[in-house]
Structure formats: structure tokens, C-alpha cells
Amino acid sequence: MSKSDKSAKTNPEAVSKEAADKAHLDIRGKKLDLDILKATMGPDVIDVQNFYKRSGYFTFDPGYTSTASCESKITFIDGDEGTLLYRGYPIDQLAEYGDYLETCYLLLYGELPTQAERRQFDDAITYHTMVQEQMSIFFRGFRRDAHPMAIMVAVVGALSAFYHDSLDINDPEQREIATRRMIAKVPTLAAMAYKYSLGQPFVYPRNDLDYASNFLHMCFSVPAEDYKVNPVLARAMDRIFILHADHEQNASTSTVRLAGSSGANPFACVAAGIACLWGPAHGGANEAALNMLEEIGTPERIPEFIARAKDRNDPFRLMGFGHRVYKNYDPRAKIMQRTAHEVLSEVGHKDDPLLQVAHELEQIALKDDYFLERKLYPNIDFYSGITLRALGFPTSMFTVLFALARTVGWIAHWREMIADPTRRIGRPRQLYTGPVRRSYVPMSKRGTGLGADYHRD
Ligand code: CMC
């Protein structure tokens, strides 16, 4: 008799408790009990870790819509409610009362810092902002018209070639140094990528400025003139960083975790995350959303684009609309909309025609059955493009700013995974539908013509 059978016999309550905590499965007559693991918020999960061993079957979930790929304590999203919490704190409170470095501390260490912890953390980040001078030579190898995301994938990966003393993932101190280095240096590298595209000299970081102000300074000042950071714009930049800091197991974070599961160094893992973020369905959407608003141009053309978005035969989608998890208004989009207004007023563009197009497009889509039925609401990228453009950034830099802000989220997840003693390499399986085993055919027996597949595009 197994342990659970015994307790069920002696304690009737245990039967119902146990029954409630198990999922029962009948696979072609074979009965299987699966543990249900408790979440503190959100859906509990059915544990299928030994499912293949016990059943001989794989589970099938391309796109991972029903799969919890890991256990995590960092970020919680309720997509139906439109809730986003970092370590339990609502995103709107952090954006309103906190700042980015405090948010970084929270994501990395689980609690808001005390005053002393905050001072220590700020110092640790501030005094790592410069990059090895040799990196600037590495930059000069790129064409001037290289996309800054292409540069970022390369230079962040290259940090592992410059900082050999923080590559041992099994040493907690080295993990800590790599963490601080990346949060400190990624803004410097992002600003260098921007300056390089302009043909302007790189601007060194200034340790007397806060994180966001220093970044604006490195992007927009030139050695020939004085540059004063506008505090309203710096606060908006900081808030944009907070909004993008983490988002649970999204595609790029999962990429970082998967890359890290093999034991790859943290700089290489974050470079993998940046590569994934570049895609238009993920971080590239803010650039695509602004391009779309520019293409629409005037409110009169909105119905034409709404019709295209609804047409199954047209690949066009309303960029900045819809989300894999949010089936309600993305909570970040509301804060971004407010930030867009603040920035546009500050730079004297409060009547920006694109803002008008965005508002009207949003209003029309939110009343349209197609979008309502599919629960497609504006996401963070709908207003971020307008805001970033008003801050002075070209569209090619938008995803870079997202990568900068998300670096802390990637590292927080990487650290959580590495510190987990049960960590194993991530290795999904597949539903194989290719040819069954067959024998090699010698060239002389393969016919003389071109195969049917040869002329494919
Ligand atoms: N415009 C028009 N139709 C859409 C859109 C859209 N933006 N998004 C989804 N749909 C339709 C889609 O055609 C499908 O319709 P049907 O059921 O008739 O086939 C239905 O809605 C479900 O779409 P899906 O592609 O199965 O949904 P998904 O969860 O796989 O995709 C998404 C999520 C974000 C990739 C998608 O909504 C999209 O492409 N949106 C535009 C790009 C965008 O704004 N991305 C930024 C995401 S937020 C930032 C981030 O986290 O990186």
C-alpha cells in the first residue's frame, strides 16, 4: 500500500483533500493522478514533470498558452483584470511614487530598499556606468547605418569578452557583479549605439546625474555645447523604464531563461533576450505602431485601416493592439497614455496630429465588435512610440530603449533560475510528423529531373 493510500484509509478527510489536490486523467484506459501545485495568485498548475515517464505521452502546447514554464516569485499578471504586479506591488503605484532604480532593486532582491540599501545600490550602479574603452573600437566595426538593435545584440554579448571576472555563474558574488554591470552599462551602450548612428562622438556617463537623466545626457548632449536635462522629460523617461522593467515569462525573458539553463554566461543570455525582443510581435511593436499612425496620417483614413485589420486576407494588424495575456486594457498603456500627454505638452506638441489619430483610432476600435469579441485592447506600445518620438528618439531606437529597461527583468529571472537547486537544462520535445524511417537512396537511383519542391520561393 502506498503512503497516500494509507492516509486515505485512516483519515476520510484526507481523501477529499487529496482528491481536490490531484488531477485525474484517463489516457486510453490508463489512469493517472497528477499533483496540482498551488499558486499564491492566478491559476494553480497541474504538475506534468514526470508525465512522459509515467504515461509515455508528451503534452502539446506550441506557443505555450497553457504551460507554466517555471516557478517564479517576481512578476504577476492577471490578463483578464488588466493587473500587473512587480513583487506584489501594482505597476501604477511604482510608476507614480517610485523610480526605476528602486524598481530594479525590488525586482532583483524581492523587497523595496531601505534608505541605506538604496544609497548602496545607487552607488554600485553609478560607479559601473563606464564601459571598457576598447569597446568603442568594437563599435567602429559596424556600418554607420547598422540598426542599433543589431549593435546591441553584439555589444551586450561582447561584454563577456571584456569582463572575465564575472562569468562564473556558480559564484554568487560574480553573479552580483554581472548584474550590476549590466544595469549600469546597458544605457551607456545604448547611447553609444545611437551616437554612432548619428556620426557624433560618444558621450561619457556622468555620475552626478540620476539614471534616466544620465541616459538622456549621453544621448542628446554634444561636447561643443552645454546640455541641461529637462526634469519633466527625465521623469517621463524613468517612468517608461519602470513600465518596461519586467513582464513575467514573455518571449524574450523565456529566451534568457532557456539560454541560461545551459549554463551560458549572463551577458550572452541577455544578448539572446535582446535578439528575441527585436521581433515586431514583441519589442518591435512600438516602432511598428508609430509607423502605422504615420501611415494613417489623418483621422479620415482610420476606417480604411480598421477594415484592413479586420480583413482575414490582409496580413495588416493594428499595431499596439492586442496582447497574448491581457484580454483587457493593458495597465501599462494607461500610464503611457498619460506620459504621452505630459511629454507632448512639455515639448510644445500637445496638438500633435498623431496623438489625435491615436485617440480616435482607439475610440473606434474599442467600440468595434471585431476587437471587442477578440478582447483586443491597446497595449503599452500604442502610445509609447508617440512619447519616445517626442522625447527626441528616432524610431530605430525604440526597441533599444525597451531592451535597456527590460535588462533588469531578464537578469532577475536569470538569477532566480540559476539560484534554483532543481535547475535543469530546458529541453522541450515535439510532436514529430515527418517521414518515418527509410533507407538511403543512391544518386543513381533518384531519377534525373528536378524534384517537385525545387521551385519553391
Ligand atoms: N489587429 C487585428 N487583429 C488582431 C490583432 C491586431 N493587432 N491582434 C490579434 N488579432 C486577431 C487575430 O487575427 C485573431 O483573429 P481570429 O481569431 O479571427 O483568427 C485573434 O485576434 C487572436 O490573435 P492571435 O494572433 O491568436 O493572438 P496572440 O495572442 O497569438 O497574439 C499579439 C498576440 C500581441 C502577437 C497580437 O495581438 C499582435 O500581433 N498585436 C500587434 C502587435 C503588437 O502590438 N505587439 C505588442 C505586444 S505588447 C509588447 C510586448 O509585450 O512585447
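Presented here is an overview of the structure given in this document. This is a predicted model, so every value here is computed, not measured. (Residues numbered from 1 in each chain as written. Predicted model: local features only at pLDDT ≥ 70, side-chain atom pairs only at ≥ 80, totals over all residues. Heavy atoms only, no water.)

### Here's the deal with the overall build of the protein chain
Worth spelling out the cut-off: Each helix is a run of DSSP H or I of at least 4 residues and each strand a run of E of at least 2, with the numbering of both proceeding from the N terminus. Burial classes follow relative accessibility: with a 1.4 Å probe on protein chains only, a residue under 20% of its type's maximum area counts as buried, one over 50% as exposed, and anything between as partly exposed. Whether two residues are in contact is decided by their heavy atoms: any pair within 4.5 Å suffices. For accessible areas, the Shrake-Rupley method is used with a probe of radius 1.4 Å. Any residue's cover is judged against the shown protein chains and nothing else. A residue counts as positive if it is Lys or Arg and as negative if it is Asp or Glu; His and the chain ends are not included. Here the site of a charge means NZ on Lys, CZ on Arg, CG on Asp, or CD on Glu.
For the protein chain, the helix and strand inventory stands at 20 helices and 6 strands. Seen along its three principal axes, the alpha-carbon backbone of the protein chain occupies a region of about 80 × 65 × 60 Å. Scored against the burial criterion, the 457 residues of the protein chain give a buried share of 44%. Sequence-distant contacts in the protein chain: of pairs separated by 6 or more residues, those separated by 24 or more amount to 70%. Summed over all atoms, the accessible surface of the protein chain reaches about 24800 Å², with 52% contributed by carbon and sulfur. Considering the protein chain, the positive charge centre built from 54 side chains and the negative charge centre built from 58 side chains are found 9 Å apart.

### Re the site of the ligand
We count it as follows: Working definition: residue near molecule or strand if any one of its non-hydrogen atoms lies within 4 Å of it. Pairs of N or O atoms within 3.5 Å make up the polar contacts considered here, provided that, within protein, one atom can donate a hydrogen while the other can accept it, and that residues adjacent in sequence are counted only when both atoms are side-chain atoms.
By nearness alone, 19 residues border the ligand, and H282, R317, L318, G320 and R324 come closest of all. Between R324 and the ligand, the recorded distance is 2.9 Å, taken from a side-chain N or O atom to an oxygen atom. Contact between the ligand and R374: an oxygen atom at 3.0 Å from a side-chain N or O atom of the residue. Protein chains shield 76% of the accessible area of the ligand, which is 940 Å² for the free molecule.

### Here we look at the sheet that holds strand β2 (residues 30–37)
Note the threshold: Pairing between two strands requires that DSSP report at least two bridges joining them.
Strand order in the open sheet formed by 3 strands is β1-β2-β3, and the pairing between neighbours is antiparallel. Where the open sheet ends on each side, the last strands, each with one partner, are β1 (22–27) and β3 (45–46). As defined by bridge partners, β2 adjoins β3 across 2 bridges and the pair is classed as antiparallel. The residue of β3 that forms the bridge with I36 is I46.

### Comments concerning the side chain of S221
Its place among the elements puts S221 in the loop between α10 (211–220) and α11 (231–244). For S221, the side chain forms a polar contact with the main-chain oxygen of H217, separated by 2.8 Å. Those residues in contact with S221 that lie beyond four places of it in its chain are K195, V203, L216 and Y227.

### As for the packing of aromatic side chains
Basically, it comes down to this: Pairing of aromatic rings covers Phe, Tyr and Trp, the last through its six-membered ring, and needs centres within 6.5 Å; plane angles under 30 degrees mean stacked, over 60 mean edge-to-face, and all others mean tilted. Both a distance and an angle decide whether a charge sits over a ring: NZ of Lys or CZ of Arg must be within 6 Å of the ring centre and within 35 degrees of the ring normal.
Scanning all chains against the criterion turns up 19 aromatic pairs. For the ring pair Y370 and F371, a centre distance of 5.0 Å and an interplane angle of 70° mean the geometry is edge-to-face. Y370 sits in the partly exposed class, given a relative accessible area of 22%. Of the residues examined, F371 reaches a relative accessible area of 3% and is grouped as buried. These aromatic residues form a ring-pair network of at least three members: Y100, Y194, Y211, F215, F220, F241 and F393. The ring of Y196 has R144 lying over it, and the distance from NZ or CZ to the ring centre is 4.1 Å.

Honestly, that's just the spatial picture; any functional story needs more than this.
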